Amino acid sequence: MTTFDQLVRQVRQQLLGFTMSQESVSELAAPMTATDTSFTCDPGTVLNLSRGLVEIDDELILVKGWDGTSGVVNVMGAANGRGYEGTVAASHAAHALVTSSPAFPKARIKEAINQSIITLYPELVVFAETELTKVAPVMEYGLPADCADVWYVTGQTIGPSKIAQPLPDWRYNPKARTANFPTGKSIQVLSPVTPGQAIKVVYAKTPSTLASGSDDFTATGYPERYVDLVVYGTCMRLLPALESARLQQQAVEATERAPLVPPSSAAKAMAMYMQLYQTRLQEEREQLYSDVPNYAYFQGS
């Protein structure tokens, strides 16, 4: 199963071309706390770092300078240089990698991954279900708070057949009166159902986002096979930053790269990932409707 951290690595490999572009790295020689304003790197590789941004785990840190003999690295602005660019200052273990000027910071990749997951809805939904019991005079029943839409409704028939027949007449109310339905969501069941029988409501809900690096992708509610779809969507969201970077000509690297990388190269790469994303999205939409057919009929306005 793919974890959040593994998903980040897959995105980075796509964007950096696997081994074609390798960033300069060192490693922590000792642990550091969330409040340290200096840290110690491996003296043998500390010279790989440069003044400016470094990344340790998910945190960006602004570096002032370092001692090549001891490996001690000083943070610019003291505590102001920790948790830079909206990242969170955190503790880091010894041997954690220290990456100089990361092209795509992990914090930004994680944000883009979660954006890609969220925007898969409503094209691809996460399914859940709830069971209600038909009460003779009651026509409207409360639904769980996470219900975003109703997919289909079935009602249990009387007798040994055990058939749950589709109920064609129902109305989903996403703005129900909270005095009657605390979640603010309800369904009006207008098809005839024998009192005491079960009514099954299969509903769609939005996916969950990932938080911890060890979170499994399936915690979103989506199956494992959606991983490549999310990778393509994430790359599509991150690549425009490279096109914007062409406008910054202060650095020697940017000036030298400009003649070698034609204008709109990032935009073309983004279009490629968009095509891959749309192709996979259509495949999964067709698979979704095949796996969970919607045989309900919405009635009313």
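Since the model is a prediction, treat every value here as computed from it, not as a measurement. (Residues numbered from 1 in each chain as written. Predicted model: local features only at pLDDT ≥ 70, side-chain atom pairs only at ≥ 80, totals over all residues. Heavy atoms only, no water.)

**Student:** Report on the side chain of R82, specifying residues and quantitative values.
**Tutor:** In this structure, R82 sits in the loop between β5 (72-75) and β6 (97-100). The contacts of R82, once residues within four sequence positions are left out, are M32, T33, A34, T35, D36, E59, L60, I61, V75, A89, A90 and H92. (Helix = DSSP H or I, 4+ residues; strand = E, 2+ residues; numbered from the N terminus. Contact = heavy atoms within 4.5 Å.)

**Student:** For the sheet that holds strand β11 (residues 170-173), give the residues involved together with the corresponding values.
**Tutor:** In space, the three strands of this open sheet follow the order β8-β12-β11, with antiparallel pairing throughout. Looking at strand neighbours, the two that pair on one side only are β8 (140-142) and β11, the edges of this open sheet. Looking at each pair of strands side by side, their axes are set apart by 20 degrees on average, direction ignored. With four bridges connecting them, β11 and strand β12 (residues 186-189) associate as antiparallel partners. For Y172, the partnering residue across the bridge sits in β12 and is I187. (Pairing = 2+ DSSP bridges. Axes fitted to C-alpha atoms, helices over the stretch in contact; angles between N-to-C directions.)

**Student:** Give me the packing of helix α2 (residues 106-118) against helix α3 (residues 227-238): which residues, what numbers.
**Tutor:** What describes two packed helices is the angle between their axes and the distance between those same axes. Packing of α2 against α3 leaves a shortest axis separation of 8 Å and a crossing angle of 120 degrees. When the axes of α2 and α3 are compared, the pair comes out oblique. In the crossing of α2 with α3, the sense of the turn from one axis to the other is right-handed. Contact residues: R108, I109, A112, I113, Q115, S116 and I117 in α2; V230, G233, T234, R237 and L238 in α3. (Parallel < 35°, antiparallel > 145°, perpendicular 65-115°, else oblique. Left-handed = near helix turned anticlockwise from the far one by under 90°.)

**Student:** I'd like a rundown of the side chain of S100, residues and numbers included.
**Tutor:** Along the chain, S100 falls in strand β6. Classification of S100 by relative accessible area gives buried; the value is 8%. At 3.1 Å, the side chain of S100 forms a polar contact with the side chain of S50. If near-sequence neighbours (up to four positions away) are discounted, S100 is found in contact with S24, N48, L49, S50, L53 and V54. (Buried < 20%, exposed > 50% of the residue type's maximum accessible area, 1.4 Å probe, protein only. Polar contact = N/O pair within 3.5 Å; in protein donor to acceptor, adjacent residues only side chain to side chain.)

**Student:** So what's going on with helix α6 (residues 265-291)? Which residues, and what values?
**Tutor:** Taking 1.5 Å per residue, 27 residues should reach 39 Å; α6 reaches 39 Å between its end C-alpha atoms and fits that length. Buried within α6 we find A266, Y273, Y277, R280, L281, E284 and L288. (Expected span 1.5 Å × (residues − 1).)

**Student:** Go over the pattern of salt bridges, please, and point to the residues and values.
**Tutor:** This model, assessed by the stated rule, comprises 13 salt bridges. Notably, a salt bridge pairs K110 with D5, separated by 3.6 Å at the nearest N-O pair. Residue K110 is located in helix α2, and its partner D5 is located in helix α1 (residues 4-16); the two are separated by 105 residues in the primary sequence. Using a relative accessible area of 32% as the deciding quantity, one classes D5 as partly exposed. (Salt bridge = Lys/Arg side-chain N within 4 Å of Asp/Glu carboxyl O.)

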